[in-house]
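Fold and contact review
Single-letter residue listing:
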Amino acid sequence: MSSIAAFAAERISVRYQTRSGAIDALRGIDLRIADGEFVAVLGPSGCGKSTLLKVAAGLITPTGGSATIGGKRLDRPGRDVGVAFQKPNLLPWKTVLDNVLLPARTLRLALGPATQRARDLLELVGLAAFANNYPAELSGGMQQRVGLARMLLHDPELLLMDEPFAALDAMTREALTLELQRIWMAQRKSVLFITHSIPEAVFLADRVVVMSARPGRIVDDFAVPLERPRTADTMASAAFVDACRYLRGHFQ
Ligand code: ADP
Ligand code: MG
């Protein structure tokens, strides 16, 4: 593995203080993501997956341990990451193009090149013809694609995705999973992809990291033995089915 990880968590712990007492969400998480590596984090609901993602995004400071991105200590939301959530949170009064351009202002990108890049990214996610439409005119899957384009606008090194397809119907979800692999192969970013879908994790990831129930700890780190590009046929292959069965064993 290269010396500087795209993302490295060392002994990360997070304890939330609530009115009914302290909640240990994460306990002693060690996780490294190499340059260009796609890592899925799989775990039951409430085990601390979103908490881990928020630590990586610099949105919460861990109670213990440290996290680095590209070797730099993380202490605030950084411009080295792109984030996508379950809901794309598009602004309904802005066009698709302007929604993709939203981060340009906060990140102080020059508008000319940013607009060209936004158009290129809309092309990449298959929405070039919808640049001037409004979010309400798009299906849920198309809206999520706008979110993916926006996440890529500032060309971040590390992509953080928190169950980005969980709200979509099964067929749209499968189509977007294939789409994400294509985008990732074209852009070769490092990815931390949170999911509670075993097949989605196996299909997309180089490694699947399994978390225990809260307080989240890492109980397995599984290298997915499947060639790329993976296709719809991959999901029917013995190697795919075996990998899913193996991982399902953690949750029975
Ligand atoms: P997951 O994404 O795996 O479902 P989360 O990271 O959202 O899990 O939450 C992990 C645990 O921490 C849960 O028990 C949740 O209730 C608790 N939790 C999450 N965010 C907060 C918060 N801001 N304050 C208090 N408790 C929280
Ligand atoms: Mg979550």
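Here is what the cut-offs are and how they apply
- Residues numbered from 1 in each chain as written.
- Chains lettered and ligands numbered in written order.
- Predicted model: local features only at pLDDT ≥ 70, side-chain atom pairs only at ≥ 80, totals over all residues.
- Heavy atoms only, no water.
- Near = heavy atom within 4 Å.
- Polar contact = N/O pair within 3.5 Å; in protein donor to acceptor, adjacent residues only side chain to side chain.
- Areas by Shrake-Rupley, 256 points an atom, 1.4 Å probe, with all protein chains shown as cover.
- Helix = DSSP H or I, 4+ residues; strand = E, 2+ residues; numbered from the N terminus.
- Nonpolar A, V, L, I, M, F, W, Y, C, P; charged D, E, K, R; others polar.
- Domains from an automatic or database assignment.
- Contact = heavy atoms within 4.5 Å.
- Buried area = accessible area lost by both parts, 1.4 Å probe.
- Salt bridge = Lys/Arg side-chain N within 4 Å of Asp/Glu carboxyl O.

**Here's the deal with the site of ligand 1**
Every residue close to ligand 1 is listed here: Tyr-16, Thr-18, Ala-25, Pro-44, Ser-45, Gly-46, Cys-47, Gly-48, Lys-49, Ser-50, Thr-51 and Arg-214. Gly-46 is positioned with one of its backbone polar atoms (N or O) 2.7 Å from an oxygen atom of ligand 1. Measuring from an oxygen atom of ligand 1, one finds a side-chain N or O atom of Arg-214 at 3.0 Å. Considering ligand 1 on its own, with 560 Å² of exposed area, one finds that the protein chains cover 65% of that surface. Contributing elements (two or more residues each) for the shell around ligand 1: β1 (7-18) and α1 (49-56). The element that contributes the greatest number of residues to the shell around ligand 1 is α1, accounting for three residues. Within the shell around ligand 1, the residues separate by chemical class into four nonpolar, six polar and two charged.

**What to know about the domain arrangement of the chain**
One can read the domain layout of the chain as domain 1 (7-80 + 158-251) and domain 2 (90-155). Distance between the C-alpha centres of domain 1 and domain 2: 24 Å. On the domain 2 side, the residues contacting the 14 residues of domain 1 number 15 residues. Overall, the association of domain 1 and domain 2 removes approximately 1,300 Å² of surface from exposure, summing both partners, and the carbon and sulfur fraction of that is 64%. For the pair domain 1 and domain 2, the number of links is two salt bridges. Across the pair Arg-145 and Glu-179 runs a salt bridge whose closest N-O atoms are separated by 3.4 Å. Inspection of the domain 1/domain 2 interface yields four residue pairs in polar contact (both at pLDDT 80 or more). Broken down by secondary-structure element, the contributors of at least two residues to the side of domain 1 that touches domain 2 are β7 (158-162) and α6 (170-187). A total of seven residues in the side of domain 1 that touches domain 2 trace back to one element, the largest contributor, which is α6. Residues belonging to the side of domain 1 that touches domain 2 are distributed by class as follows: eight nonpolar, two polar and four charged.

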